[in-house]
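This is what each chain is made of:
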Amino acid sequence: MLDIKFIRENKDIVQAGAKKKHVDIDIEHLLSLDDARLKELKEVEELRSEVNRVSNDIARNQDSALKVQLIEEMRVVKDDIKAKEEKLKTITEEWQKMMVHVPNIPDMSVPDGESDEDNVEIRAWGEKPVFNFTPKSHVELMENLDMVDFERGVKVSGFRGYFMKNDGATLFFALWQYFLNYFIEQGYTPMIVPSLVRKESLIGTGMLPQSEEDLYKVGENEYLAGTAEVATMGYYMNEVLDKKDLPKKFISFSPCFRAEAGKHGKDVKGIIRVHEFFKIEQVILTEASHEESVKWHEEITAHVEHLMQTLKLPYRVVVNCGGDLGLGQVKKYDIEAWMPSQAKYRETHSSSYFHDFQTRRLGIKYRDDDGKLRFVHSLNNTACATSRLPASLVENYQQEDGSVIIPEVLRKYMGGKEVIK
RNA sequence: GGAGGCGUCGCAUAGAGGCUUAGUGCACCUGUCUUGAAAACAGGAGUGGGGCAACCCACCGUGAGUUCGAAUCUCACCGCCUCCGCCA
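Residues numbered from 1 in each chain as written. Chains lettered and ligands numbered in written order. Predicted model: local features only at pLDDT ≥ 70, side-chain atom pairs only at ≥ 80, totals over all residues.

Colleague: I'm lost on the overall build of chain A in this one. Help?
Modeller: Scanning chain A from terminus to terminus reveals 13 helices and 18 strands. Dimensions of chain A along its principal axes, counting C-alpha atoms only, are 100 × 45 × 45 Å. Sequence-distant contacts in chain A: of pairs separated by 6 or more residues, those separated by 24 or more amount to 72%. (Helix = DSSP H or I, 4+ residues; strand = E, 2+ residues; numbered from the N terminus. Contact = placed C-beta atoms within 7 Å.)

In structure tokens form, the structure reads like this:
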């Protein structure tokens, strides 16, 4: 959510930002709606003020005939208030509906473009492996090594269901351990967070109302979150933090659920696109400064790049174009790991910053040195998404006989094992 | 699941339709005093919104309602506590 005052003072910038994100919204109309809202608000407040004043007079006055007269007068004013309040409510609801659809303004450095096709590579790392045989897909490799069972996964869980087993299961655990330990060393607070969340955190993070179809709804008010970001951001909802405690750095683990509506034909095979997976997520809350946000954005991206390098997985970093940004995102990098069987990079991490877009909705503030309350800035980046990361890993580390070498850094978490065969 | 009790300004408490647009204590900020601090004394101080301003409006878990007037009464919801049951 943007501040209405900010929108008012920067309507051209906000409108241009929406255009860059390919979001269709009429800021001029929002502002005329706001004018109407303020006009009604003023009228209602003036009437309420009158009622307050006269009510006090009634209480203090001893003349009972005058009291009766005043009460009668107030009865009329009250009806007037009721009618005006009704009107104000209607306008305010329409205003709010529009406000939650106003996108955050993308950074100057975000390239123009419509979809992920238009994202721009800014750097690539690692030697893509050269095979003197045709590389197998992670599906074939994992099934042959009995690391995964899709058939029974579908039997039990439905479309896109899967069981991880044997070295497939321990590989997940190994990655979690390795990533978690690294981030704890970096001063992050480890958390296991709920996936079952109420609406507030989803609206607060900007997942609702736009992306309702991507979520599983499991109750009147409860949904299954698609990322640990949701509950982690909800953690400090409606709280005031101490500036000296900033930045807050969380490394959060949770199951993640994605309905993947409208993507039935995409990535049907394998564990690239599934309805249920696990994720370790970085979440940062920092003071309200663009420079701080940019600094942390580079840092949370660098952490992941470092880990990819220690795993010796070839990857590239792209800067997402305007059309591929979420509603609240100012700028986003995707880190894409090399998938030999597809001969292309696939997104494994997504690193973004939001300024105070999320925290304004969630009510997460801190008291600044000048004594003013400000909304903190928020950022997040994937640390480790299992299943996508292990899918890339087995493909890059495969050998001609179908076995998979375990990256050195993970071996200690897999009982010293060097090869899955 | 059953039965009771309770959600008040950072914390702790008072308040039970109009001397409460919320009192008191602790903590906090500013003075006086002091070499400095502590103590004492005096004053200040919540959040959001509107207005150039004086000032006005809203907020006592959330949302509806009764009333000229609601922290206070009614209803629903959310949460917490105690006991019982069930499960681990």
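Colleague: Would you take a moment to explain the protein's contact with RNA strand B for this structure?
Modeller: Neighbouring residues of RNA strand B: 15 residues in total, closest Ser 49, Asn 52, Ser 55, Ala 59 and Met 74. Mapped onto the surface near RNA strand B, the elements with two or more residues apiece are α3 (27-60) and α4 (64-99). The element best represented in the surface near RNA strand B is α3, accounting for 10 residues. Its residues assigned to classes, the surface near RNA strand B comprises 7 nonpolar, 3 polar and 5 charged. (Near = placed C-beta within 6 Å. Nonpolar A, V, L, I, M, F, W, Y, C, P; charged D, E, K, R; others polar.)

Colleague: Just to check I follow, could you spell out the confidence of the model for chain A for this structure?
Modeller: Segments scoring low in pLDDT should not have their predicted coordinates read at a detailed level. Across chain A, the average pLDDT comes to 92, with 100% of residues at or above 70. Both scores are available for the predicted complex, with the pTM at 0.92 and the ipTM at 0.81. (pLDDT = per-residue confidence, 0-100.)

Colleague: Teacher, can you tell me more about the sheet that holds strand β16 (residues 377-386) here?
Modeller: By definition, the strands of a sheet pair up through backbone hydrogen bonds, in either a parallel or an antiparallel sense. One open sheet holds the 8 strands; their spatial order is β1-β11-β12-β13-β16-β10-β9-β4, and the pairing between them is mixed. Each edge of the sheet is formed by a strand with only one pairing partner; in this case those strands are β1 (120-125) and β4 (189-192). Across this sheet, the average inter-strand angle for adjacent strands is 25°, counted without regard to direction. As paired strands, β4 and strand β9 (residues 248-257) are joined by 4 bridges and run parallel to one another. Each residue of the ladder has a partner; that of Met 191, found in β9, is Ser 252. Of the strands in this sheet, β4, β9, β10 (276-286) and β16 are in contact with helix α7 (residues 167-185), which crosses β16 at around 150°. Its contacts with the sheet place helix α10 (residues 290-310) against β1, β10, β11 (315-319), β12 (331-339), β13 (344-353) and β16, and it is angled at close to 10° to β16. (Pairing = 2+ DSSP bridges. Axes fitted to C-alpha atoms, helices over the stretch in contact; angles between N-to-C directions.)

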